[in-house]
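Overview (structure and organization)
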Amino acid sequence: MTTKMFGEPIARVEDDRLVRGHGAYLDDLGHDALAAAFVRSPHAHAEVLDIDVTGALEVEGLLAIYTYEDLPDRLAEPLPLLIPHPSLTHGRTQYALARDVVNHVGEPIVMVVARDRYLAEDAAERIIVSYRPLPAVVGIDAARAAEHLVHPDVPGNVAANMMQRVGDVDAALRNAPHVLELDLSIERSASTPMEGRGVLARWDPESHRLRLWTSTQTSTGVRAAVAAKLGLALVDVDVITPDVGGGFGVKIMHPWPEEVLVPWSAQLLGQPVKFVEDRREHFISSAHERAQQHHVRVGFDDEGQLLGLDVRFWHDHGAYIPYGLIVPIITSTQLVGPYKPGAYRVEFDSLYTNTVIVTPYRGAGRPQGVFVMERTMDAIAAELGLDRTVVRERNFIRPDEMPYDHGLVFQDGRPLIYDSGDYPTSLEKLKKLVGWDDFAAVRDAARAEGRRVGIGLACYVEGTGVGPYEGGHVVVEPSGKVKVATGLTSQGQGHQTVFAQIVADELGVPMADIEVVTGDTRRFGYAVGTFASRAAVMSGSAIHLAARAAREKALKVAADALEADPDDLEIVDGIVRVVGVPGAEISLGTVAVLSNPLRYAFDDAAKAATQFAVGDTGKPPVPEDEEPGIEGRDYFSPMQSTFASGMHAVVVETDPDTAEIKILRYCVVHDCGLLINPRIVEGQIHGGVAQGVGGALYERMAYDEAGQLQNASFMDFLMPYVSEVPERIEIDHLETPSPLNPLGIKGAGEAGVIPGAAAFAAAIEDAEGFPITAMPISPSELFELRRLHSKGLST
Amino acid sequence: MADEEHFDVQLVVNGAAHNVRVPARRLLSDCIRHDLRLTGTHVGCEHGVCGACTVLVDGVAMRSCLLLAVSVDGSRITTVEGLTERDGTLSPVQQAFEDCHGLQCGFCTPGFLTTITAGLRTNPDPTQDEARDLIGGNLCRCTGYQNIVKSVLRAAEIERERAAP
Ligand code: FES
Ligand code: FES
């Protein structure tokens with residue numbers, strides 16, 4: 001019997017190529033391509049008065065310079081607003097090249113194409129743009145004050161105001177025995193993959209075909225956008241996702257200006273053109289996330305049970321809003337976490353600022369929501385003098401209340417209904433793992449030695465595997481090898497491995513015989529993309545269904561050949577055999593040959609399928625309602641998302657003198673349904689936790705008042721090195737299957753980052769004894785807080 | 001503007017001699033990647049902070065984005081492609097990354113592999129703390145470093161296993 005692959009922590013099939021240095025990332029392709037560089041705005045807000053390119057013209061190797069004036073028809077229109085929403089009343093998006101106003105530092109104004117990137121930058125440097133600077137709106141306070149406007153026709157800088165409510169929150173708060181108010185805020189951070197954005201385009205005039213490689217999280221999305229912008233038929237555009245050096249959300253945004261400009265210029269110049277973003281460009285011209293301010297009013301009883309929760313928040317979405325309201329809607333809905341909030345009202349403004357746009361970064365609005373809810377839970381516990389886990393426990397949705405309908409609308413436009421989960425058991429596991437009940441003694445002992453240690457925990461629920469759909473295609477080659485394709489893309493999650501595991505189980509073929517291709521529109525044209533922890537759930541399920549269809553077909557053809565009943569067959573190691581009849585067997589490759597009635601023999605295997613060799617002359621060679629080949633194609637489109645959950649606990653020590661924050665323990669209990677490959681899931685958690693540490697203690701976008709990003713390099717933006725992450729991340733799993741897909745799985749990609757800021761804030765608060773209400777927190781900020789609190793000046 | 005002045009540079013990369021003609025400002029990283037087309041060496045920042053571009057120059061781990069090709073004329077360079085043994089066997093460090101799930105997107109990986117290879121030559125039997133120190137200057141956004149530290153320790157173990165008679 002072939003070992004079941006689902007659930008096995010096997011090594012990844014991707015790695016051999018990558019560790020040899022044989023990966024093919026965007027900039028590893030197109031050595032013969034021309035290079036594009038961009039003149040970008042040095043101002044956060046300015047009118048563009050004049051562009052003088054004279055100085056650039058003499059640069060050797062210059063091919064072309066483009067400004068807004070050069071853009072034809074559809075390219076001259078603003079880039080698409082990808083996700084419209086009725087509440088998004090004032091949506092504005094940028095032009096591919098700035099028209100007459102720039103709205104953030106880094107906005108592209110001129111595109112230069114030259115023989116190589118050095119020369120393109122030489123030319124870009126010689127282009128003189130004259131500006132009339134305008135007042136910049138930077139940060140949520142300035143946006144709310146609206147003393148200046150980002151877009152003159154958007155009053156109050158408000159793109160959208162949206163409210164959702166369940167029950168009568170005003171009455172609930174009026175009647176609650178206890179009411180607390182909290183102000184909480186989180187700063188900007190960003191996905192910051194090690195590889196930035198990049199795009200390479202090749203136009204073939206003879207076949208009238210565009211081939212585009214882009215470092216994206218959605219090849220089909222880019223294809224649709226580029227085809228529309230360039231007026232091409234979808235079938236004339238191939239988009240191929242090469243190896244991608246990390247995404248974490250930023251590469252789901254599309255089309256970037258460069259993604260439409262590069263193919264357009266390749267078409268005009270008749271030569272391949274490539275753009276590869278450098279690190280500074282990534283900081284100032286891709287996307288950020290996270291910045292929000294919240295005001296919370298919460299009502300609860302003497303037991304700590306929530307009666308009403310009223311959340312008003314402000315979301316900074318940057319200069320434009322191409323990705324719509326996804327991030328703040330996720331915050332609004334996922335804020336409630338594993339709890340029953342009582343009456344709930346949440347209202348937000350999504351605000352323009354003269355800074356880089358905001359699109360989802362791993363966690364996508366959830367870290368903020370979890371921070372707000374978990375800080376609220378801790379505040380309730382402090383107010384009532386209860387253990388923090390007890391307050392949580394009292395508000396949990398119980399397993400027997402599943403499925404649980406919150407009465408809210410989720411980011412996919414569907415009702416927010418949790419499908420399954422066991423929060424009390426997760427909490428029990430976490431308490432045990434971290435030693436919660438014994439911690440008071442640890443803290444006291446440390447205090448006695450003059451040390452400050454603290455523990456914090458945070459719980460989250462994460463809607464994963466959002467729709468609309470994904471598809472899978474599985475075909476058995478005459479060689480017996482199995483080729484699998486799905487349309488969504490990979491950025492290091494190990495999809496080739498886990499999808500092959502799913503196919504191996506269904507088709508009974510060895511892993512080595514399965515090859516999986518993702519994100520190539522030539523192989524699979526219908527897809528949505530890789531975001532919202534959806535790849536395993538959506539494409540995994542679709543591939544499972546496609547493999548099942550291929551299996552059924554194979555068994556039917558084999559049953560004919562073996563003169564057996566399909567129900568008596570099994571497939572083991574690529575051989576179809578009659579159970580219990582030794583020797584009655586046929587290889588899957590031969591089955592593939594037989595399934596495709598041939599006229600021509602091209603090798604020995606094919607001979608078996610030619611017209612004088614097989615077939616019942618009384619029937620058509622391909623039976624009615626059948627197709628040649630052992631092939632399966634299927635789609636998975638669930639009614640709604642599936643909800644994963646988890647809880648993290650962290651123990652920190654803060655230095656009494658320097659206020660440095662040291663991580664002593666980091667514990668995770670994680671429930672993403674059944675695990676396809678535990679090793680890969682743990683890897684995802686590790687990476688997420690490190691990003692959570694970054695978001696809690698180090699990473700922020702340091703904009704000054706003029707809208708200059710002061711830390712746009714790896715020198716100044718403090719992304720964690722190994723020295724900043726915990727030495728050990730202790731993980732325990734719970735596997736509550738999802739009833740919503742055939743594999744019982746839930747998404748795992750984002751979870752690790754979600755509760756980080758909340759857990760750290762709680763632990764630092766526990767160590768210090770005063771509330772922590774804003775994240776990230778640096779040693780100097782903690783030092784300052786200590787000073788304020790010792791003087792009794794706290795707010 | 002006339003074409004800039006070019007210089008002849010001789011490099012022995014992964015044992016093979018290459019003669020290239022490059023302008024003075026050509027970064028070694030670009031020369032390796034685009035002139036020699038050895039694209040295993042990656043560029044993550046081009047300002048010397050992430051370590052993705054690390055190669056061994058005469059055996060010493062260096063950041064190729066901080067070097068000009070002309071400045072290493074005559075050197076012997078090892079890139080990630082050159083770590084693999086001649087018969088195609090993965091080097092101990094490469095094998096360890098595969099064994100320990102030391103990579104996800106793989107973009108930072110070549111820089112870690114070269115750095116660790118050089119590091120283990122100096123300290124073939126690192127402790128956990130020393131393993132962390134050894135990779136302390138390289139950035140990875142995917143793995144949280146947990147399995148990279150494990151890979152360092154595992155690589156040292158494989159070295160020993162392979163050296164054993
Ligand atoms: S690319 Fe050289 S150190 Fe980052
Ligand atoms: S594996 Fe992706 S950056 Fe390290």
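Model, not experiment: these values are computed from the prediction. (Residues numbered from 1 in each chain as written. Chains lettered and ligands numbered in written order. Predicted model: local features only at pLDDT ≥ 70, side-chain atom pairs only at ≥ 80, totals over all residues. Heavy atoms only, no water.)

A look at the overall build of chain B
Helices and strands together make up the secondary structure of chain B, namely five helices and five strands. Helices and strands in chain B line up, N terminus first, as β-β-α-β-β-β-α-α-α-α. Buried residues in chain B amount to 59% of all 165 residues. Partitioning the intrachain contacts of chain B with sequence separation of at least 6 by distance along the chain shows that 56% fall at a separation of at least 24. Taken as two groups, the 15 positive and 21 negative side-chain charges of chain B have centres that lie 3 Å from each other. (Helix = DSSP H or I, 4+ residues; strand = E, 2+ residues; numbered from the N terminus. Buried < 20%, exposed > 50% of the residue type's maximum accessible area, 1.4 Å probe, protein only. Contact = heavy atoms within 4.5 Å. Lys, Arg positive; Asp, Glu negative; His and termini not counted. Charge placed at Lys NZ, Arg CZ, Asp CG, Glu CD.)

Focus: the overall build of chain A
Broken down by element type, chain A carries 20 helices and 29 strands. Relative to a compact globule of 795 residues, whose C-alpha radius of gyration would be 28 Å, chain A shows 28 Å and is just as compact. Taken along the three principal axes of its C-alpha coordinates, chain A extends 95 × 70 × 50 Å. Counting every position in chain A, which comprises 795 residues, the buried fraction comes to 62%. Pairs at least 24 residues apart make up 80% of the contacts formed inside chain A by residues separated by at least 6 positions. Counting every atom, chain A has about 28400 Å² of accessible surface; 51% of that belongs to carbon and sulfur. (Rg over C-alpha atoms; globule rule 2.2 N^0.38 Å. Areas by Shrake-Rupley, 256 points an atom, 1.4 Å probe, with all protein chains shown as cover.)

Observations concerning the packing of helix H9 (residues 326-334) of chain A against helix H10 (residues 366-384) of chain A
Residues and elements named next belong to chain A. In the contact formed by H9 and H10, the axes pass within 8 Å of each other and the chain directions differ by 30°. The angle between H9 and H10 falls in the class roughly parallel. Crossing hand, H9 versus H10: right-handed. On H10, the residues touching Val327, Ile330, Thr331 and Gln334 of H9 are Arg366, Gln368 and Gly369. Considering only residue class, the contact of H9 with H10 consists of two nonpolar, four polar and one charged. (Axes fitted to C-alpha atoms, helices over the stretch in contact; angles between N-to-C directions. Parallel < 35°, antiparallel > 145°, perpendicular 65-115°, else oblique. Left-handed = near helix turned anticlockwise from the far one by under 90°. Nonpolar A, V, L, I, M, F, W, Y, C, P; charged D, E, K, R; others polar.)

Here we look at the sheet that holds strand E21 (residues 514-518) of chain A
Residue and element names in this part refer to chain A. If you walk across this open sheet you meet the four strands as E21-E20-E19-E25, and the pairing is mixed. Two strands in the sheet have a free side with no partner beyond their single neighbour: E21 and strand E25 (630-636). Across this sheet, the average inter-strand angle for adjacent strands is 15°, counted without regard to direction. Bridge analysis of strand E19 (residues 470-476) against strand E20 (residues 482-486) gives five bridges, and the strand direction is antiparallel. Bridging from a neighbouring strand, glycine 472 pairs with threonine 486 of E20. Set on the sheet, helix H14 (residues 495-507) makes contact with E19, E20 and E21; between it and E21 the angle comes to about 135°. Seen against the sheet, helix H15 (residues 535-562) touches E19, E20 and E25 and runs at an angle of roughly 150° to E25. (Pairing = 2+ DSSP bridges.)

A word on the pairing of strand E17 (residues 415-418) of chain A
Look at any regular strand and the pattern is simple: side chains alternate between the two faces of the sheet. The two faces of E17 of chain A differ: Leu416 and Tyr418 of chain A on one face are buried, but Pro415 and Ile417 of chain A on the other face are not. Here strand E16 (residues 404-409) of chain A hands over to E17 of chain A after five residues, with glycine 413 of chain A in that stretch at a positive phi of 80°.

Focus on the packing of H10 of chain A against helix H11 (residues 388-395) of chain A
All names here are of chain A. Following both chains from N to C, one finds H10 and H11 inclined at 115°, their axes separated by 8 Å at the closest point. What the angle tells us is that H10 and H11 run roughly perpendicular. For the crossing formed where H10 meets H11, the hand is right-handed. From H10, Glu374, Met377, Asp378, Ile380 and Ala381 reach across to H11, where they touch Arg388, Val391, Arg392 and Asn395. Looking at side-chain class alone, the contact of H10 with H11 contains four nonpolar, one polar and four charged residues.

Here we look at the interface of chain B and chain A
The interface is formed by 56 residues belonging to chain B together with 62 residues belonging to chain A. Of the roughly 4800 Å² buried where chain B meets chain A, counting both sides, 54% is carbon and sulfur surface. If you look at where chain B meets chain A, you find four salt bridges. Here arginine 33 of chain B makes a salt bridge to aspartate 28 of chain A, at a shortest N to O gap of 2.9 Å. (Buried area = accessible area lost by both parts, 1.4 Å probe. Salt bridge = Lys/Arg side-chain N within 4 Å of Asp/Glu carboxyl O.)

Considerations on the sheet that holds strand E27 (residues 661-671) of chain A
All names here are of chain A. Ordered in space as E18-E26-E27-E28, the four strands form an open sheet in which the pairing is mixed. Two strands in the sheet have a free side with no partner beyond their single neighbour: strand E18 (452-464) and strand E28 (730-733). Along the sheet, successive strands turn relative to each other by an average axial angle of 15°, direction set aside. Of the strand pairs in this sheet, E27 and E28 are connected by four bridges, and their pairing is parallel. The residue bridging histidine 670 from the neighbouring strand is histidine 733, located in E28.

Here's the deal with the side chain of glutamate 506 of chain A
Residue and element names in this part refer to chain A. Turning to its location among the elements, glutamate 506 is positioned in helix H14. Note on glutamate 506: relative accessible area 12%, which makes it buried. Those residues in contact with glutamate 506 that sit more than four places away from it in its chain are His544, Ala547, Arg548 and Arg551.

Quick look at helix H12 (residues 423-434) of chain A
Residues and elements named next belong to chain A. Taking 1.5 Å per residue as the helical rise, H12 with its twelve residues ought to reach 16 Å, and the 16 Å between its terminal C-alpha atoms agrees with that figure. All of the buried residues along H12 are Tyr423, Pro424, Ser426, Leu427, Leu430, Lys431 and Val434. The buried residues of H12 occupy an angular sector of 155° when projected down its axis, which confines them to one face. Where H12 is buried, its residues touch H11, E17, E18, strand E26 (642-654) and E27. Phi for glycine 435, located one or two positions after H12, is positive at around 75°. (Expected span 1.5 Å × (residues − 1). Arc of directions from axis to C-beta.)

Brief notes about the side chain of glutamine 94 of chain B
Mapped onto the elements, glutamine 94 of chain B comes out in helix H2 (residues 92-99). In terms of polar contacts, glutamine 94 of chain B uses its side chain to reach the side chain of threonine 84 of chain B, at 3.1 Å. Those residues in contact with glutamine 94 of chain B that sit more than four places away from it in its chain are Val19 and Arg20 of chain A together with Val80, Leu83, Thr84 and Leu113 of chain B. (Polar contact = N/O pair within 3.5 Å; in protein donor to acceptor, adjacent residues only side chain to side chain.)

Concerning helix H20 (residues 779-790) of chain A
Under the 1.5 Å per step criterion, the end-to-end length of H20 of chain A is 16 Å for twelve residues, consistent within 8% with the ideal 16 Å. Two residues or fewer after H20 of chain A comes glycine 792 of chain A, characterised by a positive phi angle close to 70°.

Digging into the confidence of the model for chain B
Regions with low pLDDT carry predicted coordinates that are not meant to be interpreted in detail. Taken residue by residue, chain B gives an average pLDDT of 96. The fraction at 70 or more is 99%. The ipTM, which scores confidence in the relative placement of chains, is 0.97 for this predicted complex, and the corresponding pTM is 0.95. (pLDDT = per-residue confidence, 0-100.)

Observations regarding unusual backbone geometry
With omega at -10°, the peptide bond leading from histidine 254 of chain A into proline 255 of chain A counts as cis. The omega angle of the peptide bond from methionine 775 of chain A to proline 776 of chain A is 0°, so this bond is cis rather than trans. Here proline 776 of chain A shows up in the loop between strand E29 (774-775) and H20. Backbone geometry places asparagine 14 of chain B, a non-glycine residue, at a positive phi of 50°. With respect to the helices and strands, the residue asparagine 14 of chain B is situated in the loop between strand E1 (6-13) and strand E2 (16-23).

Remarks on the pattern of salt bridges
Residues and elements named next belong to chain A. According to the stated counting rule, one finds 68 salt bridges over all chains in the structure shown. Measuring nitrogen to oxygen at the nearest pair gives 3.2 Å for the salt bridge that ties arginine 92 to aspartate 153. Of this pair, arginine 92 sits in the loop between helix H2 (73-76) and strand E4 (101-102) while aspartate 153 is found in the loop between helix H4 (139-145) and strand E7 (158-166), placing the two residues 61 residues apart along the sequence. On the basis of relative accessibility, which here comes to 47%, the residue aspartate 153 falls in the partly exposed class. For the salt bridge of lysine 429 with aspartate 732, the shortest nitrogen-to-oxygen distance reads 3.4 Å. Taken together, the positions of lysine 429 in helix H12 and aspartate 732 in strand E28 put the pair 303 residues apart, joining distant regions of the chain. Accessibility expressed as a relative area gives 24% for lysine 429, which makes it partly exposed. Since its relative accessible area comes to 25%, aspartate 732 is described here as partly exposed. When salt bridges that share partners are traced, they join Arg40, Arg117, Glu121, Arg197, Glu258, Glu277, Asp278 and Glu281 into one network.

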